[in-house]
Amino acid sequence: LICGAFADRMRFAPMLLFMSLWHLMVYCPMAHATWHPNGFMYHHGVIDFAGGNVVHIAAGCSGLMSSLVVGKRTGYGKEHFSPHNILVSVLGASLLWVGWFGFNAGSYFGASRLAPMAMLVTQVSTAMSTLSWMVTEWIVKKRPSVLGIISGTVSG
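Cut-offs and rules
Position labels on residues start from 1 in each chain and follow its written sequence. Totals for whole chains, interfaces and linings use all residues, but because this is a predicted model, local features are given only for residues with pLDDT of at least 70 and pairs of side-chain atoms are given and counted only at 80 or more. To get the side-chain values, take all heavy atoms of the structure and skip hydrogens and water. Strands are runs of DSSP state E lasting at least two residues, helices are runs of H or I lasting at least four, and both sets are numbered from the N terminus onward. For the exposure calls, accessible area comes from a 1.4 Å probe over protein chains only, and a residue counts as buried if that area is under 20% of its type's maximum, exposed if over 50%, partly exposed in between. Note on contacts: a residue pair is in contact if any heavy atoms of the two residues lie within 4.5 Å. Bend at a residue means the angle formed by two fitted axes: the first through the 7 residues ending at that position, the second through the 7 residues beginning there. Note on ring pairs: Phe, Tyr and Trp rings are taken, using the six-membered ring of Trp, and paired if centres are within 6.5 Å. Classes follow the plane angle, with under 30 degrees stacked, over 60 edge-to-face and the rest tilted.

Trainee: When you look at the overall build of the chain in this model, what are you seeing that I'm missing?
Mentor: Tallying secondary structure elements over the chain gives 7 helices and 0 strands in all. Each helix (α) and strand (β) of the chain, taken in turn from the N terminus, gives the series α-α-α-α-α-α-α. Across its three principal axes, the chain shows a C-alpha extent of roughly 50 × 40 × 25 Å. The 156 residues of the chain split such that 23% are buried.

Structure representation (structure tokens):
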């Protein structure tokens, strides 16, 4: 997740160094605090669906900060950054959406009373982010695009 934030912004060797340090200094402490029985968030009853806190929040915040520090992408504003195959992109976004059901509802390790709620929240939040992105693009660019719609899907 975090590598996508600074793609086309840094060379490979510094990226490996950054990722190694990030893993040791950010990911490992977050994982311990959340998933280990002696972790402070574990003691407070934090339920981490599919690594939402450990992976997504930590990587998202770190990716944002690293991209702000490193600067704009090479060629940003001068080159077109659309995917090479929109059909494959749609397929990937669709598979990701379906996979979230297994991650989120499967976080309960069985058919408990909260697993259906996790599935419902997964479906509704992803659908609403898809629709929100589409409507926003419709207002701003006067027409929605498939790439914009799947961007909303993945961001949700």
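Trainee: Teacher, can you tell me more about helix α7 (residues 146-155) here?
Mentor: Given 3.6 residues per helical turn, the α-helix brings residues three or four places apart onto the same face. Inspection of α7 places G148, I150, G152 and T153 among the buried residues, and these make up the whole buried set. Looking at the packing, one finds that the buried side of α7 touches α5 (86-106) and α6 (115-141).

Trainee: Is there a simple way to explain helix α2 (residues 12-35) in this structure?
Mentor: At H23, α2 shows its strongest bend, of approximately 40°. Within the span of α2, buried status applies to M15, M19, W22, A31, A33 and T34. Structurally, α2 contributes buried residues whose contacts are with α1 (2-5), α3 (40-43) and α4 (52-70).

Trainee: Help me out: how do you make sense of the packing of aromatic side chains in this one?
Mentor: Each pair of aromatic rings is reported with the distance of its centres and the angle of its planes. The full count for this structure, using the stated rule, is 2 aromatic pairs. Ring plane angle 90° and centroid distance 5.4 Å describe the contact between F6 and F18, whose orientation is recorded as edge-to-face. Of this pair, F6 sits in the loop between α1 and α2 while F18 is found in helix α2, placing the two residues 12 residues apart along the sequence. Taking the centre distance of 6.2 Å and the plane angle of 35° together, the rings of W22 and Y27 count as tilted.

Trainee: Can you walk me through the environment of T126 in this structure?
Mentor: Along the chain, T126 turns up in helix α6. On the basis of relative accessibility, which here comes to 1%, the residue T126 falls in the buried class. Excluding residues within four positions of it along the chain, T126 makes contact with W97, W100, T153 and G156.

Trainee: Looking at this structure, how should I read the environment of T74?
Mentor: Mapped onto the elements of the fold, T74 is located in the loop between α4 and α5. Considered as a pair, T74 and R9 are 65 residues apart in the sequence and their alpha carbons are 6.2 Å apart. Here T74 is in contact with D8 and F81, once residues within four sequence places are set aside.

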